[in-house]
Each structure stands twice: as structure tokens, then as C-alpha cells.
Amino acid sequence: SRLAWHYAYKHYGKDYDWFLKADDDTFVVLENFRYLASQFDPEDHHYMGWLIGTNGGYASGGAGYAVSRRTLNQIGPVFATDHGCKDTTGGGIEDMQFGFCLRKIGVHLDSTRDKFENRFHPLRPEQILTPNLKHAQDAWYWRVRPKNTTSGLGCCSDLTISFHYINPTLMRELFFYVYDLHVFDGRRYVFKRH
């Protein structure tokens, strides 16, 4: 991840306003991210994602996180060397290390919640929407989730940006629900993208 951030800085740091990192099993609604980012100035320091409130706080790598151009241009050169900005307490966990490095230069995680609802999600939809489905593998979520985080139908922003741990089948399903499913109010489609 450090080399990827350095590469983005070196080759694209002046060309784009925002840089979003997500895992290959993360479903991202880019339109919702663009809307969120449009409310912030990329010439200021910004770091966005789902807050894990341990070890000083950092964004969950699985849910995806983003930085503004200014933040990338400040942290990018630090990642040119392997010894730049290393936290030995995190055990090499990528998202924790990244958050540590940003805090070290004075950049803290922005709140991306609306009405106490999260936009970035480090779990699959059913794991958050159905709280009584708490499984051993997602127990960490219930321990470290931000204060005032709700579960069930009130868990998620209408402008959700991401869900993590999405297998290929669920990826296709989410794509259908987000981009192809339309609501009909009796007269016309309420929402139609095509």
C-alpha cells in the first residue's frame, strides 16, 4: 500500500483531486463518493473512511478510504522510503499504519456520517442490516464501531459509498440493485439512470 500511495503521488498527484483506495472485494458507489468529496476542498487536508476508534483512530482499509490531493502530496514523498513514518505498535496492519502516518503530519479522519449514519461500511450489507446475525468473524466490528452507530435498517446512509467482503455473486447483485433496479410510482419511474 505504501508503494501504491507513493506511485499515485509521483504519477498522478497533480492530476486529480481525490484518491480512493479500496480492496478488490469492496463494492463502491463512486457517484456517492464524488458527491461527498464535492463538499470538501481538495486543496485542504482530508482523510475519509469508516472510523476504527482504536490506536488513535484510523479508517478501515476494507471499507475503503480516500485522501485529498493536498494530503496525498504531503504523505506521498514520505512513502518513498521503507523507513518513512513507520508505527511499530500496529504490527504492520496497512490501514492502521496509514492512519498513524497521517496523524503524524497532522491529518485526522474527517467525519463522513450523515445523521449518525455511516457511508463507508467494513462488512457486507446483511451483517450490518441484520444485527442479530452477529458472527464470530465480525465480532471486531461490534467492539470498535463508532459511537452512536446504529444497526438494522437505520445503519446506513442513503448515500452509502461502500461495503466490504463482497464476493463476486453479491458484487453483481449490488450492482443490479444500485444501477439497474428502478422504482415505479404508478405513473413513471422515480429513478432511472439509463
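Rules used throughout
- Residues numbered from 1 in each chain as written.
- Predicted model: local features only at pLDDT ≥ 70, side-chain atom pairs only at ≥ 80, totals over all residues.
- Heavy atoms only, no water.
- Helix = DSSP H or I, 4+ residues; strand = E, 2+ residues; numbered from the N terminus.
- Buried < 20%, exposed > 50% of the residue type's maximum accessible area, 1.4 Å probe, protein only.
- Contact = heavy atoms within 4.5 Å.
- Core = buried A, V, L, I, M, F, W, Y, C linked by side-chain atoms within 4.5 Å.
- Pairing = 2+ DSSP bridges.
- Axes fitted to C-alpha atoms, helices over the stretch in contact; angles between N-to-C directions.
- Polar contact = N/O pair within 3.5 Å; in protein donor to acceptor, adjacent residues only side chain to side chain.

**A look at the overall build of the protein chain**
- Scanning the protein chain from terminus to terminus reveals seven helices and seven strands.
- In the protein chain, the order of α-helices and β-strands from amino to carboxyl end is α-β-β-α-β-β-β-β-α-α-α-α-β-α.
- By the burial criterion, 44% of the 194 residues in the protein chain qualify as buried.
- Across the protein chain, the fraction of contacts at a sequence separation of at least 24, relative to all contacts at a separation of at least 6, is 71%.

**A short note on the nonpolar core**
- Trp5, Phe33, Tyr47, Val67, Phe98 and Phe120 are the most contacted members of the largest nonpolar core, which totals 43 residues.
- Residues contacting Phe33, with those up to four places away along its chain left out, are Trp18, Met48, Ala66, Phe120 and Ile161.

**Section: unusual backbone geometry**
- For Tyr165, which is not glycine, the phi dihedral falls at a positive 60°.
- With respect to the element layout, Tyr165 can be found in the loop between β7 (162-163) and α7 (168-180).

**Digging into helix α4 (residues 94-104)**
- For α4, the set of buried residues is Asp95, Met96, Gln97, Phe98, Gly99, Cys101 and Leu102.
- The elements touched by buried residues of α4 are α1 (2-12), β3 (47-49), β5 (58-59), β6 (65-68) and α3 (69-75).
- Gly106 sits one or two residues past α4 and shows a positive phi near 90°.

**Notes on the sheet that holds strand β1 (residues 18-21)**
- Read from one edge to the other, the open sheet built from three strands follows the order β1-β6-β3, with strand pairing classed as antiparallel. In the strand order of this sheet, the two ends are held by β1 and β3, each with one partner. Across the sheet, the axes of successive neighbouring strands diverge by a mean angle of 20°, strand direction being ignored.
- Contacting β1, β3 and β6, α4 runs over the sheet at an angle of about 25° to β6.

**Considering the side chain of Asp114**
- Along the chain, Asp114 turns up in the loop between α4 and α5 (125-129).
- The class of Asp114 is buried, set by a relative accessible area of 17%.
- Polar side-chain contacts of Asp114 include one of 2.8 Å to the side chain of Ser157.

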